Amino acid sequence: TPLLKELYEETCRRVKVRVENKPEPPNDWSRAIPQNTSQSNCWKILEAFMQSPTEQVFDYRIGQKNRDEMTNAIRSSNADLSMETIKKGSPYTLRITKTKRSYDEKMKIWNQDCTVLERLERKMW
């Protein structure tokens, strides 16, 4: 039917536009500081690290209470960071590492779009 054909063509156009806009890997390691958070003191501690285009790892060596606070701040945000506790010495160290998780997620969606487009183009109307 004409409506079905129109729907198919519009779907192809939209997926094609998404495929043509391949995500770019981050060109530096700076990350946005989450704004909607009640733990602004934690983000103030991380501010220079988050804004640095070259630093990828921040070691936060401090007592358990402060590490827990920092962990909760990061977990409750959408910050592109991973964490691990280094249990060497006292107090322990919370190692915070910048990740490229958001880029990887965008690439996963882009790859899925490529597959969908390929299938759509094989079944041309």
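Predicted model only: the values in this text are computed from it and were never measured.

The rules behind the values
Residues numbered from 1 in each chain as written. Predicted model: local features only at pLDDT ≥ 70, side-chain atom pairs only at ≥ 80, totals over all residues. Heavy atoms only, no water. Core = buried A, V, L, I, M, F, W, Y, C linked by side-chain atoms within 4.5 Å. Buried < 20%, exposed > 50% of the residue type's maximum accessible area, 1.4 Å probe, protein only. Helix = DSSP H or I, 4+ residues; strand = E, 2+ residues; numbered from the N terminus. Contact = heavy atoms within 4.5 Å. Salt bridge = Lys/Arg side-chain N within 4 Å of Asp/Glu carboxyl O. Pairing = 2+ DSSP bridges. Expected span 1.5 Å × (residues − 1). Arc of directions from axis to C-beta. Lys, Arg positive; Asp, Glu negative; His and termini not counted. Polar contact = N/O pair within 3.5 Å; in protein donor to acceptor, adjacent residues only side chain to side chain.

Engineer: Help me understand the nonpolar core, please; the structure alone is not making it clear to me.
Structural biologist: The nonpolar side chains of a soluble globular protein tend to be buried with one another. Core analysis: the biggest nonpolar cluster contains 15 residues, and W43, L46, M70, L81 and I96 have the highest contact counts within it. Listed by contribution, the elements that provide at least two residues to this core are helix 2 (40–51), strand 1 (57–61), helix 3 (64–75) and strand 3 (93–98). Among the elements that line this core, the one with the most residues is helix 2, at five residues. When near neighbours in sequence (up to four residues on either side) are disregarded, I96 contacts L46, F49, Q56, V57, F58, M70, I74, L81, S82 and M83. If you look at the next biggest cluster of nonpolar residues, it comprises nine residues, including Y8, V19, W110 and L117.

Engineer: Just to check I follow, could you spell out the pattern of salt bridges for this structure?
Structural biologist: Under the definition given, this model contains 10 salt bridges. Of the charged contacts, one joins D59 and R95 as a salt bridge, the two residues approaching to 2.7 Å between their closest N and O atoms. Here D59, found in strand 1, pairs with R95, found in strand 3; they are 36 residues apart in sequence, far enough to count as distant. Classification of R95 as partly exposed rests on a relative accessible area of 28%. Among the charged side chains, a network of salt bridges with common partners joins E10, R13 and R14.

Engineer: Looking at this structure, I do not really get the environment of Y8. What am I missing?
Structural biologist: Structurally, the position occupied by Y8 is in helix 1 (residues 2–20). For the pair Y8 and I109, spaced 101 residues apart in sequence, the C-alpha separation works out to 20 Å.

Engineer: Explanation requested: unusual backbone geometry in the structure shown.
Structural biologist: Geometrically, the link from S90 to P91 is a cis peptide bond, its omega value of -5° lying close to zero. One can find P91 in the loop between strand 2 (81–86) and strand 3.

Engineer: Honestly, the pairing of strand 1 in this entry has me stumped. Any pointers?
Structural biologist: Where burial is concerned, the two faces of strand 1 differ: the one with F58 and Y60 is buried and the one with V57, D59 and R61 is not. Relative to strand 3, strand 1 runs antiparallel, the two sharing five bridges. Residue pairing across strands places F58 opposite I96, the latter belonging to strand 3.

Engineer: Help me understand helix 3 in this model?
Structural biologist: Along an α-helix, a turn takes 3.6 residues, which lines up residues three or four apart on a common side. In a regular helix each residue adds 1.5 Å, so 12 residues correspond to 16 Å; helix 3 covers 16 Å between its end C-alpha atoms and thus fits that length. Along helix 3, the positions that sit buried rather than exposed are R67, M70, T71, A73 and I74. Looking down the long axis of helix 3, one finds its buried residues gathered within 160° of arc, a one-sided arrangement. Turned more than 90 degrees away from the buried face of helix 3 sit K65 and R75, all of them exposed.

Engineer: Where do I start with the side chain of K98 in this structure?
Structural biologist: You can see K98 is positioned in strand 3. E55 provides the closest opposite charge to the buried, salt-bridge-free K98, at an N-O distance of 6.6 Å. At a separation of 2.5 Å, a polar atom in the side chain of K98 contacts the main-chain carbonyl oxygen of F49. Only 2.8 Å separates the side chain of K98 from the backbone oxygen of S52, close enough to count as a polar contact.

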